[in-house]
Amino acid sequence: MPVQIILGAQWGDEGKGKVVDMLSEHADIVARYQGGANAGHTVCIGDKQYVLHLLPSGMFHEQCTCVIGNGVVIDPTALISEIRQLEEAGIRVRGRLLISHNAHLIMPYHKQLDVIREQTSARIGTTGRGIGPAYIDKFMRSGIRIVDLLDRETFANKLKRNIEEKNQILTRVYGETRIDVDALISEYQEFDKSIDEYITDTSLYLHQALQQGKRVIAEGAQGALLDVDHGTYPFVTSSNPTSGGACTGLGIPPTAVNEVIGVAKAYCTRVGHGPFPTEQENEVGERLRTVGHEFGATTGRPRRCGWYDAVAMQYSARINGIQRLVVTKLDVLNDFDEIRICIGYELHGKRLRSFPTDAATLERITPVYESFEGWKTSLADVKTYDQLPRQAQAYLSVLSRYTHAPLWLVSVGPRRDQSIFLQS
Ligand code: GDP
Ligand code: IMO
Ligand code: MG
């Protein structure tokens, strides 16, 4: 097992945190490859719950080294507070965390611009964590990287240049006040001192680890349908959560990747705006939200809820190359008399052959559903596939068949022990 990619197959919040934490038990390294503190990965251990935004979900297994790759955009404030929180909870971070020197920094003006743009022009429903504006600077080639912090003069010069431009935008376009460059320089210099020990060439580190036969999990944030290239553009995030993103975001070659594991909920959710074909803005959606506690782990926003979308999942399996499917939150469906799966899309009375990624078409399609009988019993203590009610087995097998991905793991509760592995 050289590299296993574990990614969200839908619109995020599929339960990646739980799955990565569980599988980290047998890993040497867990590496985040994209996104930033827009992610909220929940890990439940006993009666304790942790939400990770930047740190990889392997932090709770002492033998794991955790890597934040070059593809991640790092908000210093969020990083430092997360490290502190874990340390306060008795989890050792020192000596177990490595941060890529090539990762880009999120600056306060990125967050400010993210929030202002949401209020004025682009209404995507972002998390307001500065993700889009930070990736804009990265691709404009004006971004500031972790490595730039190491040289005071380079950092100050780059920052001054950027702030000059940002001040123009902030004052002239949005009527905001100017940013004070000197205060920001000292703030980030302090940050440099606190993270200096973690910074390294993580691509080289991973290369050497793989040569030694170490087992690596590449942890995705967000989900495939939020991918900037393959998702429901423009209602997407600004990075590549899909499997290809793992290589660029960590500096590892595709030939090092052994397996792609897709995590999907037994139904669908989405936070923020954008098309959501199976959304249930009714009693069903309300019930999914209440029973599944579907409120954002980062922003606390209520998540939009709907039925499992096998058309979108087939697409996700195709672009990611999903080899093993993990289905989470099956227990949330326990009390439903009838459960639905969307098995096709119709547009103007005609069946579509594939998942349309342009938002306008997706808004217009009519989902075609197949109905299943509910199992009406608790799954909280089920430990094996055979113990699952007949109706739950039938639901899972159809869901896997339509998705074109073999089912490997079923999650029936937030805790580690509420997991059912199928024979591999
Ligand atoms: P992530 O972003 O993909 O890591 O997912 P989140 O942490 O944002 O959201 C998943 C939520 O579902 C968290 O509160 C988890 O504790 C919870 N969860 C994960 N798996 C299960 C499950 O099988 N059943 C239930 N009921 N909750 C789960
Ligand atoms: P995890 O890793 C669910 C959504 C936002 C918004 C869009 C763009 O916990 O699954 P951004 O702040 O990234 O520019 O917002 O993407 N979004 C998420 N939705 N889970 C996430 O992360 C998300 N991260 C971003 O709600 O619609
Ligand atoms: Mg989340």
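Everything that follows concerns the structure shown earlier in this document.
Now for a description of the structure that goes with this document. Keep in mind that this is a model prediction, so the values were computed, not measured.

What follows concerns the overall build of the chain. Looking only at helices and strands, the chain features 12 helices and 20 strands. Taking 22 Å as the expected radius of gyration for a compact globule of 424 residues, we find that the chain reaches 22 Å, a close match to that expectation. Residues classed as buried in the chain amount to 57% of the 424 residues present. Split by element, the accessible area of the chain, about 17800 Å² in all, is 48% carbon and sulfur. A gap of 3 Å separates the mean positions of the 46 positive and 50 negative side-chain charges of the chain.

Moving on, we get to the layout of surface pockets. Its boundaries defined by the atoms lining it, the second largest pocket holds a volume of some 590 Å³. Mapped by element, the contributors of at least two residues to the lining of the second largest pocket are α1 (16-23), β3 (41-45) and β4 (48-52). Residues that form the lining of the second largest pocket fall into these classes: seven nonpolar, 11 polar and eight charged. When residues are assigned to domains, the lining of the second largest pocket turns out to be shared by domain 1 (3-100 + 199-261) and domain 3 (263-421), each giving three or more.

Moving on, we get to the packing of aromatic side chains. In total, this model carries 10 aromatic pairs according to the counting rule given. On the basis of an interplanar angle of 25 degrees and a centroid distance of 6.1 Å, the ring pair of F155 and Y188 is categorised as stacked. With F155 in helix α5 (residues 152-173) and Y188 in helix α6 (residues 181-195), the pair connects residues that are 33 residues apart, well separated along the chain. Across the pair, exposure class does not vary: F155 and Y188 are buried alike.

Quick notes on the rules
- Residues numbered from 1 in each chain as written.
- Chains lettered and ligands numbered in written order.
- Predicted model: local features only at pLDDT ≥ 70, side-chain atom pairs only at ≥ 80, totals over all residues.
- Heavy atoms only, no water.
- Helix = DSSP H or I, 4+ residues; strand = E, 2+ residues; numbered from the N terminus.
- Rg over C-alpha atoms; globule rule 2.2 N^0.38 Å.
- Buried < 20%, exposed > 50% of the residue type's maximum accessible area, 1.4 Å probe, protein only.
- Areas by Shrake-Rupley, 256 points an atom, 1.4 Å probe, with all protein chains shown as cover.
- Lys, Arg positive; Asp, Glu negative; His and termini not counted.
- Charge placed at Lys NZ, Arg CZ, Asp CG, Glu CD.
- 1 Å grid on protein atoms, 1.4 Å probe; cavity = no way out; pocket = protein on both sides within 12 Å on 5 of 7 lines; lining within 4 Å.
- Points joined across faces, edges and corners; volume = space filled by probe spheres on them.
- Nonpolar A, V, L, I, M, F, W, Y, C, P; charged D, E, K, R; others polar.
- Domains from an automatic or database assignment.
- Phe/Tyr/Trp six-rings, centres within 6.5 Å; stacked < 30°, edge-to-face > 60°.

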